[in-house]
Amino acid sequence: MTNATSTIDLARISDMDLAHAARLLKGVRDATLSGQRPRVLPRPVIGDSWGRMMLRGVDPDHDIRSRLLTEEELAERRHGSPLVDILPVLRDALVSVADAAHHIMVVCDADGRVLWREGSSAVLRKADSLGFEVGADWGEGVVGTNGVGTPLVVRRPVQVFSAEHFVQTHHPWTCTGAPVTDPRDGRLLGVVDVSGPLQTMHPATLALVDSVAKLAEARLRDRHVTALDRLRAVAAPVLARLEGRAVAVDAHGWTAAVTGMPPVDRVTLPKALAAGRTWLPSLGTCLAEPLPGGWLLRPDDPRDGPEPLAATRLVLDVSSPRHWTLAVLGGARDWTHDLSPRHAELLFLLATHRGGRSASGLADDMFGDPARTVTVRAELSRVRRYLGGLLAHRPYRFHEDVDVRVVLPAIPEDLLPHSLAPAIRRARSVAEP
């Protein structure tokens, strides 16, 4: 652990005397915050988070208490959150374990607001003293590196032990959080977290919380299948009476039933779809009619041929650390599409290589492995469903007649902070003043 190039290993830390481990981590943090190179480097996910906190000006020595949600605001967020449907799954899997291990289970929404807490009553009281209470904002930009806000940013499970927390008042704690995403569209719904005094730290907690988050996502997936079955039952008699092509989809574009055309798993829909005539990349001009739980889409006669996507400008907005969009602008058919983390990465890389990039080049940019072309090609095939001819291939590139603008974050570390892609990590460094 004394090699100048070594990185902290949480499993080895957990085998140490906890007081010694906490002192070691505090030394790493103090050296990093003072601009020195510590003898042992923080884990990359922690070091990256500390870098974001220093640029944001988060106070490392004093915690900041944000305004709590009012009872009305809390009730509204709880009622509107898809997490309420999986709360029984989280409780069954974690609360008894957390209580026995002197932990608490905390469920937060995508903004980092604490919606529910359960577990050890003694630990709940300790959490209150830290402001870790229902209605509080535990986003990374408010309270620093932690097991709620950091998983929201990096979109993967994170365990934060003692002085890995950026704010000193949180050092007596260990926190482990995993993001929960909507299986229908990849939207980030929130985080499930297990937290407690640092003496209760165990590296297996990370695997446990991650497994429970995946179990919750599987339950959401089951509910989606059930909803599609209901939509199919409604749509089937409607489609049976129609001539020509038609497809019934849910609000996220997933296909429930189809007639007169090859079935597809999903139709890309705009961010806001209204009844009437509209244009969709995969279907061209079509008539959209509402159905209970979805839409009936009736494309125009295919003999007219697919219509090109009229556009003169693309705006790729990656200024937010957790939400990214692509706007296709060019007149009456302006289009805005929310991007998945992977698509945001790929489109950013293409925007920085206007001359084009081969599949192997993008694989190297994304994974540091030019042989991983299958993954790249599959994802870009999905991108072409909503970009159509605006995205060319051999090499992959944006159409030369389209102006592409990238909206970058004010803080370089906020550039797709979830991404481990070598090229994007380099872009963060190049963007720094």
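Values in this document were obtained by computation on a predicted structure and should not be read as measured data. (Residues numbered from 1 in each chain as written. Predicted model: local features only at pLDDT ≥ 70, side-chain atom pairs only at ≥ 80, totals over all residues. Heavy atoms only, no water.)

1. A few points about the nonpolar core
Inside soluble globular proteins, nonpolar side chains tend to come together where they are buried.
Right, so step 1: Membership of the largest hydrophobic core comes to 48 residues, with the highest contact counts inside it found for L297, L314, L347, F348, L380 and L387.
Right, so step 2: At seven residues, the largest contribution of residues to this core is made by helix α10 (residues 341–351).
Right, so step 3: Two domains each put at least three residues into this core: domain 2 (242–299) and domain 3 (312–430).
Right, so step 4: The residues contacting L297, other than those within four sequence positions of it, are R245, A246, V247, V249, V267, L269, L273, L280, L283, L287 and A288.
Right, so step 5: With 23 residues, the next largest nonpolar core counts I8, L24, I46 and F161 among its residues. (Core = buried A, V, L, I, M, F, W, Y, C linked by side-chain atoms within 4.5 Å. Buried < 20%, exposed > 50% of the residue type's maximum accessible area, 1.4 Å probe, protein only. Helix = DSSP H or I, 4+ residues; strand = E, 2+ residues; numbered from the N terminus. Domains from an automatic or database assignment. Contact = heavy atoms within 4.5 Å.)

2. Quick look at the UniProt feature "domain: GAF" (unreviewed entry) in the protein
Right, so step 1: Summarizing the sequence annotation, UniProt attributes the feature "domain: GAF" (unreviewed entry) to residues 107–219 in the numbering used throughout.
Right, so step 2: With 31% helix and 28% strand, residues 107–219 has end C-alpha atoms that lie 16 Å from one another. (UniProt positions renumbered as here; feature names shortened; annotations may be inferred.)

3. A look at the sheet that holds strand β10 (residues 294–299)
Right, so step 1: Sheet architecture is open: five strands sit in the order β7-β6-β10-β9-β8, paired in antiparallel fashion. On the outer flanks of this sheet lie β7 (255–259) and β8 (276–280), each paired with one strand and no other. Strand-to-strand, the axes of this sheet are offset by a mean angle of 30 degrees, without reference to chain direction.
Right, so step 2: As paired strands, strand β6 (residues 246–250) and β7 are joined by four bridges and run antiparallel to one another. By the bridge assignment, V247 is partnered in β7 with V258.
Right, so step 3: In this fold helix α9 (residues 204–240) packs onto β6, β7, β9 (284–291) and β10, with an angle of close to 25 degrees to the strand it touches most, β7. (Pairing = 2+ DSSP bridges. Axes fitted to C-alpha atoms, helices over the stretch in contact; angles between N-to-C directions.)

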